[in-house]
Amino acid sequence: LPLLLKATLLRLASGSYHPFHNGFYYNHIMNDNGDGQDKVDYFNGARLVVETSRDPVYSYNGANVTLPCHYRYEPDLGPKRKIRIKWSKLRDDYTKEQDVMVAIGKTYMAFGDFKGRAHIHRAGRHEASLVISDVRLKDDGKYRCEVIDGLEDESDVVDLRLQGIVFPYQPPRGQYRLNFHEAEQVCQDQGAILANFNQLFQAWSEGLDWCNAGWLADGTVQYPIRLPRKPCGGVHLAPGIRSYGPRHRHLHRFDAFCFSSALKGEVFYLDHLAGMTLEEAKQSCQEAGAEIARVGQLYSAWKFLGLDRCSAGWLADGSVRYPIVTPRANCGPAEPGVRSFGFPRKGRFGVFCYRER
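Note that the structure is a prediction, hence the values are computed from the model and not measured.

K.L.:
It is not clear to me how the state of the cysteines should be interpreted in this structure. Could you clarify?
P.N.:
Note on terminology: disulfide describes a covalent bond linking the sulfur atoms of two cysteines. Applying the stated criterion to the full structure yields 5 disulfides. The disulfide that involves Cys 285 links it to Cys 353, with 2.0 Å between the sulfurs. Since a negative S-S torsion denotes a left-handed disulfide, the Cys 285-Cys 353 link at about -80° is left-handed. On the criterion of sequence distance, the pair formed by Cys 285 in helix H4 (residues 278-287) and Cys 353 in strand S25 (residues 350-356) is long-range, its members being 68 residues apart. Like Cys 353, Cys 285 is buried. For the protein chain, numbering the cysteines in disulfides from first to last along the sequence yields the connectivity 1-2, 3-6, 4-5, 7-10, 8-9.

K.L.:
What is the right way to read the packing of aromatic side chains from this model?
P.N.:
Two aromatic rings, taken as a pair, are described by how far apart their centres are and by the angle between their planes. For the coordinates displayed, the defined rule picks out 15 aromatic pairs. Note on Phe 167 and Tyr 299: the rings are 4.7 Å apart at their centroids and 10° apart in plane angle, and the pair reads as stacked. Of the two residues, Phe 167 sits in strand S14 (residues 164-169) while Tyr 299 sits in helix H5 (residues 295-304), which places them 132 residues apart along the sequence. Here Phe 167 matches Tyr 299 in class, with each residue buried. Both rings, one in Phe 180 and one in Trp 215, keep their centres 5.6 Å apart while their planes meet at 75°; by these two values the pair is edge-to-face. Linking Phe 180 in helix H2 (residues 180-189) with Trp 215 in strand S16 (residues 214-215), this pair joins segments that are 35 residues apart in sequence. Just as Phe 180 is buried, Trp 215 falls in that class too. Members of the aromatic cluster, connected to one another through ring pairs, are Tyr 176, Phe 180, Trp 215, Tyr 223, Tyr 244 and Phe 254. Here the basic side chain of Arg 226 rests over the ring of Trp 204, its NZ or CZ set 5.4 Å away from the ring centre.

Cut-offs applied
- Residues numbered from 1 in each chain as written.
- Predicted model: local features only at pLDDT ≥ 70, side-chain atom pairs only at ≥ 80, totals over all residues.
- Heavy atoms only, no water.
- Disulfide = S-S within 2.5 Å.
- Helix = DSSP H or I, 4+ residues; strand = E, 2+ residues; numbered from the N terminus.
- Buried < 20%, exposed > 50% of the residue type's maximum accessible area, 1.4 Å probe, protein only.
- Phe/Tyr/Trp six-rings, centres within 6.5 Å; stacked < 30°, edge-to-face > 60°.
- Lys NZ or Arg CZ within 6 Å of the ring centre and 35° of its normal.

Right under this line is the structure:
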């Protein structure tokens, strides 16, 4: 090994160009035959291979999930070697990584929001799988499993997708009032996060049709159309996701597409004969050992728990809504969905409450 390193450094010093892999180790070393063909030299005489799941791994908010990753040598090197494992979370465009954890032997360190929630699953000889406990909404995305053995470094990517629901959101002030940062905040206020494109596309494929443009997590503005029509891009365009592309995050204003996943608790309905004001509704939830539900919690309960109630109720943002699983007379349109009465300044209604299990 020292002789090979010395020879390599001498060739580098001579001015020949030899590409780096990851800027960390030499993987492909150009031959000197002048025929444009590369050859691969592996310092330990074996090729390191890292593999993750080809299919997305699905989970939901509050669950525990394992992202599979295994490595091997070709040919096999026999006894287990002391290697370094690094997991990172990628942006959709692969331009930036967030450190999740690193591990050497039995010693590991998790970073940021993953502290106390991430560790390596070591059930097999060459396993580097990542276990994430108490999955959170923003954990959705692509993860890189990187295995480092001395000067060799190989990686593969696995996609974690949360089962959830996308819902459009307008604040009480009305349509197109949110810049990007305000859109992020209103989604968080409703127990959700800004949706990403994959989540919006999945919602569109399941039937979401919405003619108002909204922010997504990458700073683009888009909207899903199932039934082409004149006010929504024109009748001659095919169904799909309409895009305004990236917009100025401070100056431009639109609605928001929020994403919420399964609940750790339950949403239930309370009512009085004469109905309640918003403040009375909040108090009723507190007396029941709960809190007034947020919009994302109502959507999640409708989708994942089958909440069906043909009675309007207050929510935490001051809106009045009700969830319908089985459409019927006097309960709104003929499709399932969460109906909205907007943000009434006056009126007396029931209330939807949320309680942790």
